[in-house]
Amino acid sequence: GENGVGGRAVRVGTRRSQLARIQTDSVVEMLRELYPDLRFEILAMSTTGDKILDTALSKIGEKSLFTKELENALERNEVDLVVHSLKDLPTSLPPGFTIGAVCKRENPLDAVVFHPKNRGKTLSLLPEKSVIGTSSLRRAAQLKKKFPQLEFRDIRGNLNTRLKKLDEKEDFSAIILAAAGLKRMGWENRIGQLLSPEDCLYAVGQVRYNFLEVRAKDQDILNMVSALHDADTVLRCIAERAFMKRLEGGCSVPVAVNSMLKDGQLYLTGAVYSLDGSDSLKETMQTSVNYPQQNEDGPNDDVQHVGITAKNVPGQAQEAAENLGVELASLLLSKGAKHILSVARQLNDA
């Protein structure tokens, strides 16, 4: 009806994994509540990242491992929107696409899941040379620095696969996963230790929460999904993505963040690490995002901030968030971040 989509099914693209389907189902449920007259169809597909399971993500060197196939379907008009985890999406989107909705962020912290024989322990209590599984250079770099007595080894696969590898073999004493992903799957009871930001800053955009990518010119769909925007999460994600973009980081280098919005102030902590965590830079900056919503009809409607279109979030606040990310990255670059990251990239490639 009113949003111009009435009379046809809205086709939603997603990855095939169980977690991706759970996320997508929750998004579609929210949309159904908002638009009870619309029909929604879910189309699940496999992505490159789902197919290549014998190689570390950081070694594949492909920026859109979990998104390219979905974006191809969007481009060919086979789907109207796609649901991703924001951390899977590169900071630069292909031309013609935009993030039309950023849903409320869940707990972005990392969690430790222990082998059954180590239940009740923490990382500091594990025997020396215990092997910890993680597919993330970011996690490994920070935890190597904090727990030099432990060894870190790559582990790939979806959550089910990784938990199975942990439980059924003796290869790993524990594995590190996103807490929100475990919660979504109903496996919260497997969390043996939550890692605070002091232990381990998280990935840019990390959280098993959803964002919706749409065709930038598809105003009907863009207007429809924009109702799902969570303003605080939008501003935090803009700052984090701008930070990552300015650093030219990705999954092949250890870059980490922590963001917080309190009393109209947006705080962003950003860090870069060498692969073994011995060399690092970490800084925190803040800015005011306390701006009123203005009527920004007309050409400003389509302004994107690091790929995000959020008409219902004050434009000045989005601009301030983006500037915060850029300025924090520039500060780290002025202190030598480029050297740390280029050495990390070379070592990882080697």
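Residues numbered from 1 in each chain as written. Predicted model: local features only at pLDDT ≥ 70, side-chain atom pairs only at ≥ 80, totals over all residues. Heavy atoms only, no water.

- The protein chain carries the name Porphobilinogen deaminase in an unreviewed UniProt entry, which gives Nyctibius grandis as its organism.
- Note on the protein chain: under the UniProt heading Cofactor (unreviewed entry), the record states "dipyrromethane".
- As stated in UniProt under Subcellular location (unreviewed entry), the record for the protein chain gives "Cytoplasm, Cytosol". (UniProt positions renumbered as here; feature names shortened; annotations may be inferred.)

## Digging into the pattern of salt bridges
Here is step 1: Evaluated as defined, the whole model comprises twelve salt bridges.
Here is step 2: The salt bridge partner of Glu 41 is Arg 39, with a shortest N-O separation of 3.7 Å.
Here is step 3: For Glu 41, a relative accessible area of 35% corresponds to the partly exposed category.
Here is step 4: Ionic contacts of the salt-bridge type, sharing partners, join the residues Arg 11, Asp 80, Arg 215 and Asp 218 into one network. (Salt bridge = Lys/Arg side-chain N within 4 Å of Asp/Glu carboxyl O. Buried < 20%, exposed > 50% of the residue type's maximum accessible area, 1.4 Å probe, protein only.)

## Quick look at the side chain of His 305
Here is step 1: Position of His 305 among the secondary structure elements: in the loop between strand S13 (280-288) and helix H10 (315-334).
Here is step 2: A relative accessible area of 6% means that His 305 is categorised as buried.
Here is step 3: If we skip the residues at most four places from it in the chain, His 305 touches Ile 238, Gly 315, Gln 318, Glu 319 and Glu 322. (Helix = DSSP H or I, 4+ residues; strand = E, 2+ residues; numbered from the N terminus. Contact = heavy atoms within 4.5 Å.)

## Some details on the pairing of strand S1 (residues 9-15)
Here is step 1: Across the seven residues of S1, six count as buried, placing the element largely inside the fold.
Here is step 2: Across seven bridges, S1 lies against strand S2 (residues 39-45) in parallel orientation. Paired with Val 10 across the two strands is Phe 40, which belongs to S2.
Here is step 3: Of the crossover connections in this fold, the one passing from S1 over helix H1 (residues 18-34) to the parallel S2 is right-handed.
Here is step 4: In this structure, S1 lies alongside strand S3 (residues 81-85), joined through two bridges in parallel fashion. Bridge pairing in S3 links Gly 13 to Val 82. (Pairing = 2+ DSSP bridges. Right-handed = clockwise from strand over helix to strand, strands pointing away.)

## Thoughts on helix H5 (residues 137-146)
Here is step 1: Most of H5 is tucked away: seven of the ten residues are buried.
Here is step 2: Of the positions making up H5, those classed as buried are Leu 137, Arg 138, Arg 139, Ala 140, Ala 141, Gln 142 and Leu 143.
Here is step 3: Where H5 begins, the capping side chain belongs to Ser 136, and its oxygen is found 3.2 Å from the backbone nitrogen of Arg 138. (Polar contact = N/O pair within 3.5 Å; in protein donor to acceptor, adjacent residues only side chain to side chain.)

## A closer look at the side chain of Thr 134
Here is step 1: Within the secondary structure layout, Thr 134 lies in the loop between strand S6 (131-133) and H5.
Here is step 2: Reaching out from Thr 134, the side chain makes a polar contact with the backbone nitrogen of Ser 136 at a distance of 3.0 Å.
Here is step 3: In contact with Thr 134, other than residues within four places in its own chain, are Arg 139, Ala 140, Phe 152, Arg 153, Asp 154, Ile 155 and Ile 176.

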